[in-house]
Amino acid sequence: MNQPVNILVLGSGGREHALAWKIAQSSRAATVYVGPGNPGMFRRPGKIQPALINGTPLSAVDSEAIILFCRIFTCDLVVVGPEAPLAAGVVDDLQAAGIMVFGPSRSAARLESSKAFARHVMQRAGVPSPGFSIVREWNDLPRAIEAWPWARGMVIKVDGLAAGKGVFVCRSRDEAWRAVGSLKLMDSQSAGTMTRDGLVCEELLIGREVSAFAICDGRAFIPFGMACDHKRLLDGDFGPNTGGMGAYSPVDWLDESVAREIGQIVFQPVLDEMDALGSPFRGVLFAGLMITDEGAKVLEFNVRLGDPECQVLLPRLDEDLLGIILAATTGRLAHEYSRGFKWHPGAAVHVVKAAEGYPGIDGVRVRAGDPVFETVPVAEGGADNLVFYAGVAKRQGANFGDKGDLKSCDLETSGGRVLGITAVGPDLRHARDRVYSGIDDITFEGAQWRTDIGKCVTSP
Ligand code: AMP
Ligand code: GLY
């Protein structure tokens, strides 16, 4: 396929903004539609356009509407960003309608949507993992807690997708019983859906976490880099868990040989096992790893790019992403990219600016509706750093005017992770200096961000 193609990216966050930005750089990309997207992505004139049906943003989980959109706007390829459409089977629906799509089928997406399924696949494939036991019924959890070898702690996980709220790290039996209380409360608030599919209890691993990615075409994979995200809200890895407050790549404290080994001991065996199960995996496979004294072990699989890891990987990728996606979707990955992908030799650091109150736990209100202010170079796209938008809406009503060197733009915050800034530099230290020197170029009332992204590593 050498003619320019229209592409539809599904999703609305910083990851999807980065995906659309990178795909749009391809000479083969005509228009890159994003549905539902966010108004921050569509600010600059160019190839990235909102996917609208009758003026309404396209939902990422409404297969019928997506198929209709692709037919009306002659989209040749759909790229799925988040997990929800994958778990809902949007890929299967599009394929049945004859539309080319990059992402795993619903049954392959169970590697993320069912933690018990993922553990069984890992066990059968011999992937290094923590010890675990599956708890199908509430009533069996007390027995599992009492029988647990408490020299090592326990991590209790809800089996299905739980938007990051279904994992309880318990260092002692007392903590496990407290987790039972929290789980019961969440379960009653969700009318029993939270624990409907059961629970997984895992051995608590100690080490450093890293995210490893692979692009897969069903049989073969090509490594797609590694990154670290910072999940806690506050500097020094304190405070509550979030969707991710920033990321850096590459992972300079990890030996090259470990990265190679992960392909052999994690990605290939899982691809083989999924193929044997009749659910070949196509798309991005994301292994959340713990690097322990005994080597790398898999904490979880995700079936998509990470957010915010994507916002450091794509700026470092020295390839035509659309070419990679087309090769993976048509089973030509190993043939076309046996040399691996080329990467910028330097480093990238991404810092998220979140709204006051984020992540909104214990009834804390997440502030929204504040105007976004920026310096003129950011508005014109002239700044060195990249801005990827997530929780923003089109500003209604009054112009908020200037604030020193900053001017209000046509956006306001709509909560959560509002935006993120990525800088690329010759090494981690330079990328970090660059991102923080531009951190005030775009801001809003109540903004919170970490000041140590990429710092807790071995580089100077
Ligand atoms: P998950 O959704 O499975 O990635 O879990 C979310 C977070 O919980 C991970 O990023 C880890 O910080 C932590 N976690 C999950 N499983 C384990 C484990 N077996 N040992 C230690 N920490 C874990
Ligand atoms: N950054 C972790 C995730 O995307 O799940």
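Calculation rules
- Residues numbered from 1 in each chain as written.
- Chains lettered and ligands numbered in written order.
- Predicted model: local features only at pLDDT ≥ 70, side-chain atom pairs only at ≥ 80, totals over all residues.
- Heavy atoms only, no water.
- Buried < 20%, exposed > 50% of the residue type's maximum accessible area, 1.4 Å probe, protein only.
- Helix = DSSP H or I, 4+ residues; strand = E, 2+ residues; numbered from the N terminus.
- Near = heavy atom within 4 Å.
- Polar contact = N/O pair within 3.5 Å; in protein donor to acceptor, adjacent residues only side chain to side chain.
- Areas by Shrake-Rupley, 256 points an atom, 1.4 Å probe, with all protein chains shown as cover.
- Nonpolar A, V, L, I, M, F, W, Y, C, P; charged D, E, K, R; others polar.
- Core = buried A, V, L, I, M, F, W, Y, C linked by side-chain atoms within 4.5 Å.
- Contact = heavy atoms within 4.5 Å.
- 1 Å grid on protein atoms, 1.4 Å probe; cavity = no way out; pocket = protein on both sides within 12 Å on 5 of 7 lines; lining within 4 Å.
- Points joined across faces, edges and corners; volume = space filled by probe spheres on them.

Peer 1: How would you explain helix α6 (residues 115-125) if you had to name every residue and give the values?
Peer 2: Most of α6 sits out of view: eight of its 11 residues are buried. For α6, the full list of buried residues reads Lys115, Ala116, Phe117, Ala118, Arg119, Val121, Met122 and Ala125. Immediately beyond the C-terminal end of α6, within one or two residues, lies Gly126, with a positive phi of roughly 70°.

Peer 1: So what's going on with the site of ligand 2? Residues and values would help.
Peer 2: Taken together, Asp229, Phe286, Asn302, Arg304, Gly306, Asp307, Pro308 and Glu309 make up the full set of residues near ligand 2. With respect to ligand 2, the side chain of Glu309 contributes an N or O atom lying 2.7 Å from a nitrogen atom. Protein chains shield 86% of the accessible area of ligand 2, which is 200 Å² for the free molecule. Considered class by class, the residues forming the shell around ligand 2 number two nonpolar, two polar and four charged.

Peer 1: If you had to explain the nonpolar core to someone new, which residues and values would you point to?
Peer 2: Counting residues in hydrophobic clusters, the biggest one holds 78 residues, and the most contacted among them are Leu8 and Leu111. By residue number, the principal contributor to this core is helix α9 (residues 256-276), which donates seven residues. Sequence-distant contacts of Leu111, that is, excluding residues within four places in its chain, are made with Phe117, Ala118, Val121, Val270, Met274, Phe281, Leu285, Phe301 and Val303. Formed by 43 residues, the second largest nonpolar core is a distinct cluster that contains Phe42, Ile222, Val284 and Cys310.

Peer 1: Can you break down the environment of Ala109 residue by residue, with the values?
Peer 2: Structurally, Ala109 is set in the loop between β7 (100-102) and α5 (110-113). The exposure class assigned to Ala109 is buried, which follows from its relative accessible area of 1%. Once you skip the residues sitting within four places of it in the chain, Ala109 turns out to touch Leu86, Ala87, Pro104 and Val303.

Peer 1: Lay out the layout of surface pockets with the relevant residues and their values.
Peer 2: A volume near 530 Å³ is recorded for the second largest pocket. What lines the second largest pocket is a set of 22 residues, among which Pro223, Gly225, Met226, Glu256 and Ala259 lie closest to the centre. Residue assignment for the lining of the second largest pocket shows that the elements contributing at least two residues are β12 (208-218), β13 (221-229) and α9. With seven residues, α9 is the single largest residue contributor to the lining of the second largest pocket. Here the residues of the lining of the second largest pocket are counted per class, giving 13 nonpolar, four polar and five charged.

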